[in-house]
Amino acid sequence: MAVTPLDSAAEVLVATGHDPFARSSLRRAMVRGWAGERACAWLGVDPDDLTPYLSTLGAPAAVAALLTELLPELPPKQRVTVPRGTPACLPAWVGMDGTDWDFRWLDAPPPVQPGEELVEPLDDDMAVKALLAASSPTASAQPGDVAVRRWVGIRDGSELIACAADTTGESGVGHLSSIAVHPAARGRGLAKAVTAGLTRQLFDDGCDLVTLGMYATNTAGRALYDALGYRDEHRMTSGPLLVRGRW
């Protein structure tokens, strides 16, 4: 396979047709990229823990072929995100310990939701930590992360019962993380309200696209994001590549 180096985020955007996933992933500082036949890959560094992540787009077989070409250039257990179905197309001596998730995006403000007027800015890291510990221990963003620009939430009296993080990067694409509702407060539409409220704020800030990720098994989240108009066209798998002889 002929592999073409990509030296800038602009080249990745051209190679992917300005795909929403590419635009969102470039919130990370890009290191280098590559284009193959019907596939593209780019390496970025997380601003918080400086971990390199390899993101890809294309048909699963094409992405697998490109990854196979890139293996000599990748470190052991390189963390990658690939279209779902790609691991099955990798050579027998390459495996992937992956988690399935869905990338979703919205290109216009959502319908106004009941309770959205209750969404307020948060400056209470302890309350956010307690809420995430109770409702979403694996949340991708935590108070103190450098990627978080702001937290918003809903209170019931003095108790924080819902929250969401704005992890928008310099690309101008809005991104939501760590959407959570206290278990005792579920069923009241709070997740929909806090998601819609922060999404609307990002559009008001000038973003033309707002994105988020959800675990593939999160059926409640899927229904919520469907109701708000979030598109669901990228099914992904993320995790480390496991290469025989290097794992």
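Analysis parameters
Residues numbered from 1 in each chain as written. Predicted model: local features only at pLDDT ≥ 70, side-chain atom pairs only at ≥ 80, totals over all residues. Heavy atoms only, no water. Phe/Tyr/Trp six-rings, centres within 6.5 Å; stacked < 30°, edge-to-face > 60°. Helix = DSSP H or I, 4+ residues; strand = E, 2+ residues; numbered from the N terminus. Buried < 20%, exposed > 50% of the residue type's maximum accessible area, 1.4 Å probe, protein only. Polar contact = N/O pair within 3.5 Å; in protein donor to acceptor, adjacent residues only side chain to side chain. Salt bridge = Lys/Arg side-chain N within 4 Å of Asp/Glu carboxyl O.

Before going further, it helps to spend a moment on the packing of aromatic side chains. Applying the stated rule across the entire model yields five aromatic pairs. On the numbers, 6.1 Å between centres and 55 degrees between planes, the contact of Phe21 with Trp42 is tilted. Linking Phe21 in helix α2 (residues 20-25) with Trp42 in strand β3 (residues 39-45), this pair joins segments that are 21 residues apart in sequence. Trp42 matches Phe21 in its accessibility class, with the two residues each being buried. With a centroid separation of 5.3 Å and an interplanar angle of 80 degrees, the aromatic rings of Phe21 and Phe103 are classed as edge-to-face. Taken together, the residues Phe21 in helix α2 and Phe103 in strand β7 (residues 99-106) connect sequence positions 82 residues apart.

As a further point, take the environment of Thr211. If you trace the backbone, Thr211 turns up in strand β12 (residues 210-215). Judged by relative accessible area, which is 0%, Thr211 ranks as buried. Between the alpha carbons of Thr211 and Ala139 there is a distance of 16 Å; along the sequence they are 72 residues apart. Polar contacts involving the side chain of Thr211 include one to the side chain of His175, which spans 2.6 Å.

Here we come to the pattern of salt bridges. In the structure shown here, the tally under the stated rule is 18 salt bridges. We note a salt bridge from Arg235 to Asp232, for which the minimum N-O separation is 3.1 Å. Residue Arg235 is classed as partly exposed on the basis of its relative accessible area of 38%. Residues joined in a network through salt bridges with shared partners are Arg84, Asp100, Asp102, Arg104, Arg222, Asp226, Asp232 and Arg235.

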